[in-house]
Amino acid sequence: MVYDDVLPRKVLEQGFPFQGERITLVGPRGIWKPKSMTLPISITSIVNGPYEDRMEGDNFLQYQFRGTDPHHPDNAGLRELMPQKIPLIYFFNIEPGKYIASWPAYIQGEDREGLSFTVALDSASSIHHEGKLPVTGEPEMEYGRRAYITGEFKIRIHQRSFREKVMRAYREQCSLCQLRHPELLDAAHIIPDNDPMGHPVITNGIALCKIHHAAFDKNILGIDPDYTVHIRQDILEEIDGPMLKHGIQSLQGNQIHLPNKKSERPDRERLEIRFGQFREAG
């Protein structure tokens, strides 16, 4: 794969060739219909954009109409997809110029008073390999499946958004060893995301390579509120190969490499809590 599940906008704008024409996947409008097509091919949500697309309590997406006219051609195009059960691609903008995608996405209702469509995401396995129509089952089962998948995508949005923000803040390098290969880097939580303080915000994250992330999670190394690295005493006394010596033990007493912006640096209160857990483990 050239890209993981985060796609650059320039690739989506380039699209793909089809029957002698180039089909673009996104455009200047959130409801996108390439010139050679009769119906929209994708919808896009943009963070802090002009429309307040949102996930409701039932996990389905409420996607805002274009403007306030229900009969605008873009809105009419989405409405026409409903009875034919034609799927769309749903793009969510997690960072400037970066998107994650979900396919298929179905328009399954509308609220003209609230000026929004109800959108449900589904899995690719729900599509017949020989055609467009979805595999149908009991309505309750289909509803539940789509609600679950749409909810899972919401979680994925938070996870990928967190990672992209942390990677950008740390200039896509490990804060301990400065490894610069994104595929070998993680956005590590200081406080786990299942904790009330484990919010997916930059100040609760540190960019770590996969080895140092695992060492941090297992309390082999800790980072104090002054951003100093500590290695657990039994690990410091252990004799092993060069990876342990140079990759772990040599970090003792080092300062981590911090984001340039002070507002994006690790929260000291969270580090104090996490460092306390490291000391207890030692």
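Residues numbered from 1 in each chain as written. Predicted model: local features only at pLDDT ≥ 70, side-chain atom pairs only at ≥ 80, totals over all residues. Heavy atoms only, no water.

(A) Molecular detail of the overall build of the chain. Helices and strands together make up the secondary structure of the chain, namely 7 helices and 14 strands. By the burial criterion, 45% of the 282 residues in the chain qualify as buried. Within the chain, counting contacts between residues at least 6 apart in sequence, those at least 24 apart form 57% of the total. Carbon and sulfur atoms make up 54% of the accessible area of the chain, which totals about 15,500 Å². Where the 34 positive side-chain charges of the chain centre and where its 39 negative ones centre are 7 Å apart. (Helix = DSSP H or I, 4+ residues; strand = E, 2+ residues; numbered from the N terminus. Buried < 20%, exposed > 50% of the residue type's maximum accessible area, 1.4 Å probe, protein only. Contact = heavy atoms within 4.5 Å. Areas by Shrake-Rupley, 256 points an atom, 1.4 Å probe, with all protein chains shown as cover. Lys, Arg positive; Asp, Glu negative; His and termini not counted. Charge placed at Lys NZ, Arg CZ, Asp CG, Glu CD.)

(B) Seen up close, the packing of aromatic side chains. Throughout the structure, instances matching the rule amount to 4 aromatic pairs. Ring centres of Phe60 and Tyr143 lie 5.0 Å apart, and the angle between their planes is 75°; this geometry places the pair in the edge-to-face category. Placement of the pair is Phe60 in the loop between β6 (54–55) and β7 (61–64) and Tyr143 in helix α3 (residues 139–169), with a sequence separation of 83 residues. Tyr143 sits in the partly exposed class, given a relative accessible area of 44%. Between Phe65 and Phe117 the ring centres are 4.6 Å apart and the planes differ by 45°, which places this aromatic pair in the tilted class. With Phe65 in the loop between β7 and α2 (73–84) and Phe117 in strand β10 (residues 116–121), the pair connects residues that are 52 residues apart, well separated along the chain. Here Phe65 falls in the buried class, since its relative accessible area comes to 1%. Of the residues examined, Phe117 reaches a relative accessible area of 0% and is grouped as buried. Seen from the ring of Phe216, Arg274 lies directly overhead, with NZ or CZ sitting 4.6 Å from the centre. (Phe/Tyr/Trp six-rings, centres within 6.5 Å; stacked < 30°, edge-to-face > 60°. Lys NZ or Arg CZ within 6 Å of the ring centre and 35° of its normal.)

(C) Examining the nonpolar core more closely. The biggest cluster of nonpolar side chains holds 31 residues, and the ones touching the most others in it are Leu176, Leu221 and Ile223. The set of elements that each furnish at least two residues to this core consists of α3, β11 (185–189), β12 (205–209), α4 (210–217), β13 (221–223), β14 (229–231) and α6 (242–248). Sequence-distant contacts of Leu221, that is, excluding residues within four places in its chain, are made with Leu176, His212, Ala215, Phe216, His230, Ile231, Leu251 and Phe278. Among the nonpolar cores identified, the runner-up in size contains 24 residues, and Leu39, Phe65, Ile86 and Phe117 belong to it. (Core = buried A, V, L, I, M, F, W, Y, C linked by side-chain atoms within 4.5 Å.)

(D) A look at α4. For α4, the complete set of buried residues consists of His212, His213, Ala215 and Phe216. The arc enclosing the buried residues of α4, seen along the axis, measures out at 165°, which places them on a common side. Packing partners of the buried residues in α4 comprise β11, β12, β13, α6 and α7 (268–281). (Arc of directions from axis to C-beta.)

(E) The confidence of the model for the chain, seen in detail. Of all residues in the chain, 92% attain a pLDDT of 70 or more, and the chain-wide mean is 90. Note that pLDDT drops below 50 for residues 129–136; the model gives that stretch 20 contacts with residues more than four away or on any other chain. (pLDDT = per-residue confidence, 0-100.)

(F) Up close: α2. Taking 1.5 Å per residue, 12 residues should reach 16 Å; α2 reaches 17 Å between its end C-alpha atoms and fits that length. The inward-facing, buried residues of α2 abut β4 (31–32), β5 (42–46), β8 (88–95), β9 (98–111) and β10. Phi turns positive, to about 55°, at Lys85, one or two residues after α2. (Expected span 1.5 Å × (residues − 1).)

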